[in-house]
Amino acid sequence: MNPSKNFNRKDFLQTSALGMAAVFFGSSFTKGFDFSEKPYFNLKPIGRQFSLDGYYIWCSSPIWGEDGKVHLFYSRWKKEKGMGGWLNGSEICRAEADSPFHQFEHKQIVLSPRGGEYWDATTCHNPLIKKVDGEYLLFFMGNSNGKTNTKRIGLATSKTIDGDWTRPDKPLLLPGKEGAWDDHCTTNPAFVKGNDGKYWLFYKSWNTQEYETQKGPIRGNRKYGLAKADSPTGPYEKVSENPVIDFSSLPGNAQLEDAFVWKQKGKFHMIARDMGFYNHEYGLHLTSTDGIQWTKPKIAYLDMKSYVSEADPPKHLKRFGRLERPMLLLDKDGETPRFLFGATQGGKFETSTTFAFEIL
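Starting from 1, residues in each chain are numbered consecutively following that chain's sequence as written. Reporting in this predicted model follows two pLDDT cut-offs: at least 70 for local features of residues, and 80 or more for side-chain atom pairs to be given and counted; totals over whole chains, interfaces and linings ignore these cut-offs and use all residues. To obtain the side-chain values, all non-hydrogen atoms of the structure were included, while hydrogens and water were left out.

Here's the deal with the overall build of the protein
Segments assigned H or I by DSSP are reported as helices when at least four residues long, segments assigned E as strands when at least two residues long, and all are numbered from the N terminus. Assigned secondary structure in the protein consists of two helices and 19 strands. The globule rule used for comparison is 2.2 Å times the number of residues to the exponent 0.38, while the radius of gyration itself is calculated over C-alpha atoms. Taking 360 residues into account, the globule formula puts the C-alpha radius of gyration at 21 Å, and the protein, at 19 Å, falls close to it. Expressed along its principal axes, the backbone C-alpha trace of the protein runs to roughly 55 × 45 × 40 Å. Burial classes follow relative accessibility: with a 1.4 Å probe on protein chains only, a residue under 20% of its type's maximum area counts as buried, one over 50% as exposed, and anything between as partly exposed. Counting across all 360 residues of the protein, residues that qualify as buried make up 57%. Note on contacts: a residue pair is in contact if any heavy atoms of the two residues lie within 4.5 Å. Within the protein, contacts between residues separated by at least 24 positions form 54% of all contacts whose residues are at least 6 apart in sequence. Looking at the protein as shown, the accessible area adds up to about 15,700 Å², and 48% of this sits on carbon and sulfur atoms. Where accessible areas are quoted, they stem from the Shrake-Rupley method and a 1.4 Å probe; at the residue level, only the protein chains shown are allowed to cover.

Remarks on the sheet that holds strand β7 (residues 135–143)
The strand order β6-β7-β8 describes an open sheet built from three strands, whose pairing is antiparallel. Sheet topology places β6 (123–132) and β8 (152–158) at the edges, where each strand pairs with a single neighbour. Averaged over all pairs of adjacent strands, the angle between their axes in this sheet comes to 25°, without regard to strand direction. Bridge count between β6 and β7: eight bridges; the pairing is antiparallel. Bridge assignment links T123 to a residue of β7, and that residue is N143. A pair of strands is treated as paired once DSSP finds two or more bridges between them. Each axis is a line fitted through C-alpha atoms, and for a helix only the stretch in contact is used; angles between axes span 0 to 180 degrees, taken between their N-to-C directions.

What to know about the nonpolar core
The definition of a nonpolar core used throughout is a set of buried Ala, Val, Leu, Ile, Met, Phe, Trp, Tyr and Cys residues joined through side-chain atoms within 4.5 Å. In this structure, F139, Y236, L328 and L340 are the most contacted members of the largest nonpolar core, which totals 33 residues. With near-sequence residues (within four places) excluded, L340 lies in contact with L43, I271, Y301, L323, P326, M327, L328, F355, A356, F357 and I359. The next biggest cluster of nonpolar side chains, apart from the first, holds 24 residues, and it includes I245, V261, Y278 and W294.

Describing the environment of I245
Mapped onto the secondary structure, I245 falls in the loop between β12 (237–238) and β13 (255–264). Since its relative accessible area comes to 0%, I245 is described here as buried. In this structure, the C-alpha to C-alpha distance between I245 and S51, residues 194 residues apart in sequence, is 33 Å. The contacts of I245, once residues within four sequence positions are left out, are K223, Y224, L256, M270, L286 and W294.

Brief notes about unusual backbone geometry
Across the junction of G163 and D164, the peptide omega takes the value 5°, indicating a cis bond. Omega for the bond connecting G234 with P235 falls within 30 degrees of zero, at 5°, which places this linkage in the cis form. Along the chain, P235 falls in the loop between β11 (223–229) and β12. Non-glycine residue N126 carries a positive phi angle of around 55°. Following the sequence through the fold, N126 ends up in strand β6. Look at D133: it is not a glycine, yet its phi comes out positive at around 50°. Mapped onto the elements, D133 comes out in the loop between β6 and β7. The exposure class assigned to D133 is exposed, which follows from its relative accessible area of 71%.

Digging into the side chain of T150
In this fold, T150 is placed in the loop between β7 and β8. According to the relative accessible area criterion, T150 is buried, its value standing at 14%. Whenever a nitrogen or oxygen atom comes within 3.5 Å of another N or O atom, the pair is scored as a polar contact, on the condition that within protein one atom can donate a hydrogen and the other can accept it, and that pairs from neighbouring residues in sequence are kept only if both atoms are in side chains. Polar side-chain contacts of T150 include one of 3.0 Å to the backbone nitrogen of S144. At 2.6 Å, the side chain of T150 and the side chain of N145 are in polar contact. For T150, the residues in contact, after removing those within four places along its chain, are G142, N143, S144 and N145.

Considering the state of the cysteines
Any two cysteine sulfur atoms within 2.5 Å of one another count as a disulfide. Per the stated rule, a full pass over the model turns up zero disulfides. Unpaired in terms of disulfides, C59 finds its nearest cysteine sulfur in C93, a separation of 12 Å. Owing to a relative accessible area of 0%, C59 belongs among the buried residues under this scheme. With no disulfide partner, C124 has as its closest neighbouring cysteine sulfur the one in C93, 10 Å distant.

Next comes the structure, spelled out in structure tokens:
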């Protein structure tokens, strides 16, 4: 595929035809693809490196500390809330370990829902930790009504990894105007310094009317937009009224979420959770030279059962067997992937945990 063309239009005709043929013949959409390709990452499982009794753990964002340890910014919510508790009652915390091969230990609560009329009154979720020019940047998502339509990306900052954190009174990025592809929310922040000297913030969103009127197990079509700023703390301006990643022309309401972006040898890479391009268990890998035109996705990693064997989960863990919210711990050169972190259901407390892989 020629990356200079729009991924979601002409270049998808062949892929769409495969999918339509599969639907017509009563087969699954994914059978139109060659699954023999090797995943981008050659992974060696380390294991469930962080679990908490009484909590679901999600969104594990790692960073090397000045102390040589790995600091993990993660989201958690109480077990009694069930899997859906991330939307109404999640908080962001920090854990640390001597290395990804060691078990992590909870250290502190970083951001909790503020209640009242605040934009992050009811949840704090989606942590993404970065360090730019000696300052720690904690991108996150908050909401104000315990629902998806008030999800907004915010940014907290600190000079040290253990706080104090300066918390934003307003979101960093707002949805589009009514009727736009991104009028529902802003969430799943991914951040990188661009080759144009600006700071790039990728975000997930979808259209409210589609979300409210569509039928099926997954409503709405999640796409990714891009906003840029001269400073890492903003203000951010969207580069276009259109998304930069859009699978909506494909059959089966194919889409993606949980993007993580990094720059390596002058090229931008993205990993994300597949939501119907191949299936709902794999990770996707895309590349770009400008952050706007992205290649056709290839497989980044496989489903969990391809790496580990675990006992069947209890019935309430319906998303067991896939790695979500993929995050990388880069080498200290700042661009070479060394470890893959993610969230996956299961573990001894029958909730969800951080799972870590070494990238070989």
